[in-house]
Amino acid sequence: MSESVWIREMRFEDVAGVVALQRLAFPPPFSEDLHWDPKHLVRHIELFPEGQFVADCAGEVVGSCSNAIIAEHAWNAHGNWYQTVGGPSLRGFDPLGTTLYGLDIAIHPQHRRVGLGRRFYNARFDLIRARRLARYGTGVRMPDYRAYAGAHPDVDIHEYARRVVAGEATDRTLTPLLRYGLTFLGVSENYMQDPESGNAGALLEWRP
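Cut-offs used in this document
- Residues numbered from 1 in each chain as written.
- Predicted model: local features only at pLDDT ≥ 70, side-chain atom pairs only at ≥ 80, totals over all residues.
- Heavy atoms only, no water.
- 1 Å grid on protein atoms, 1.4 Å probe; cavity = no way out; pocket = protein on both sides within 12 Å on 5 of 7 lines; lining within 4 Å.
- Points joined across faces, edges and corners; volume = space filled by probe spheres on them.
- Helix = DSSP H or I, 4+ residues; strand = E, 2+ residues; numbered from the N terminus.
- Nonpolar A, V, L, I, M, F, W, Y, C, P; charged D, E, K, R; others polar.
- UniProt positions renumbered as here; feature names shortened; annotations may be inferred.
- Buried < 20%, exposed > 50% of the residue type's maximum accessible area, 1.4 Å probe, protein only.
- Arc of directions from axis to C-beta.
- Contact = heavy atoms within 4.5 Å.
- Salt bridge = Lys/Arg side-chain N within 4 Å of Asp/Glu carboxyl O.
- Pairing = 2+ DSSP bridges.
- Axes fitted to C-alpha atoms, helices over the stretch in contact; angles between N-to-C directions.

> Hey, could you go over the layout of surface pockets for me, with residue numbers and the actual values?
A probe as big as a water molecule, rolled over the atoms, marks out the empty space that is left. Approximately 1,300 Å³ is the volume attributed to the largest pocket. Phe26, Ile105, Ala106, Arg172 and Thr173 are, among the 48 residues lining the largest pocket, the residues nearest its centre. Contributing elements (two or more residues each) for the lining of the largest pocket: α1 (15-25), α4 (81-85), β4 (99-107), α5 (116-131), β5 (135-140) and α8 (174-179). Per-element tally for the lining of the largest pocket: the top contributor is β4, with 6 residues. Looking at the lining of the largest pocket residue by residue, the classes come out as 26 nonpolar, 12 polar and 10 charged.

> Give a detailed account of the UniProt feature "domain: N-acetyltransferase" (unreviewed entry) in the protein, specifying residues and quantitative values.
As recorded in UniProt, the sites labelled "domain: N-acetyltransferase" (unreviewed entry) are residues 5-208. Structurally, residues 5-208 comprises 35% helix and 23% strand, and the distance from its first C-alpha atom to its last is 26 Å.

> Lay out helix α2 (residues 38-47) with the relevant residues and their values.
His40, Leu41, His44 and Ile45 are the residues of α2 that are buried. Along the long axis of α2, the arc covered by the buried residues comes to 135°, so they all point the same way. Away from its buried face by more than 90 degrees, α2 exposes Lys39 and Glu46. On the buried face of α2, the contacting elements are α1, β3 (60-70) and β4.

> For the pattern of salt bridges, give the residues involved together with the corresponding values.
Enumeration over the complete set of coordinates arrives at 13 salt bridges. For Glu159, the salt bridge is made with Arg162, and the minimal N-O distance between the two is 2.8 Å. Residue Glu159 and its partner Arg162 are located together in helix α7 (residues 157-166), separated by 3 residues, close to a single helical turn. With relative accessibility at 24%, the residue Glu159 sits in the partly exposed group. Residue classification places Arg162 among the partly exposed residues on the basis of a relative accessible area of 38%. For Arg207, the salt bridge is made with Glu205, and the minimal N-O distance between the two is 3.3 Å. Beyond isolated ion pairs, a larger network of salt bridges with shared partners links Glu72, Arg135, Glu205 and Arg207.

> Pulling in residues and values, what's your account of the sheet that holds strand β6 (residues 183-188)?
Pairing within the open sheet is mixed, and its 7 strands lie in the order β1-β2-β3-β4-β5-β7-β6. The open sheet terminates on both sides in strands that have one partner only, identified here as β1 (6-9) and β6. With strand direction ignored, the average angle separating the axes of adjacent strands in the sheet is 25°. Two elements, β4 and β5, share 3 bridges in a ladder whose sense is parallel. Among the inter-strand pairings, Tyr101 is bridged to a residue of β5, identified as Gly137. Of the strands in this sheet, β2 (53-57), β3 and β4 are in contact with α1, which crosses β3 at around 95°.

Listed below in structure tokens is the structure:
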């Protein structure tokens, strides 16, 4: 199925489809307040059109991938999501920055496990090489933490991340990204409002 899907730059006419996709890709308990609004996506395209991607299947948006460029100091500070990118309008965007920062990937439930996530990451890596950036960096969800902690109440988010990195536990988001060759740097507490992940994010980096 993935071979029939085209990865291309996001267009203004894709915005409604990407907004609808957010609800399918990030259902409750993930907060709808963290979904992209149309105005956010329009702003992303205006700021950084070559950094916004969609997966197009016969004219239907079945995946989206949003990115920003941030300054070296912003990446090294390892702040929370809002501090790092300046909120959903990307006030922290720096066209002269060094780091391609991954904002999110959303994939339609019926198009998962067919390689779209890896194809989006390959598009990110190609962009880093083309722009001669220093790295790809991001903070990602660990959505299986809450269920794991329910069965292992003595395990905090740091120990959970360590176990996932060591292959002792599996997380539906973090585990695949480690397989893509990203390096785990640590856990950022209070990264975003995300109870499934203990409101934390796993900091990841990839260098060309």
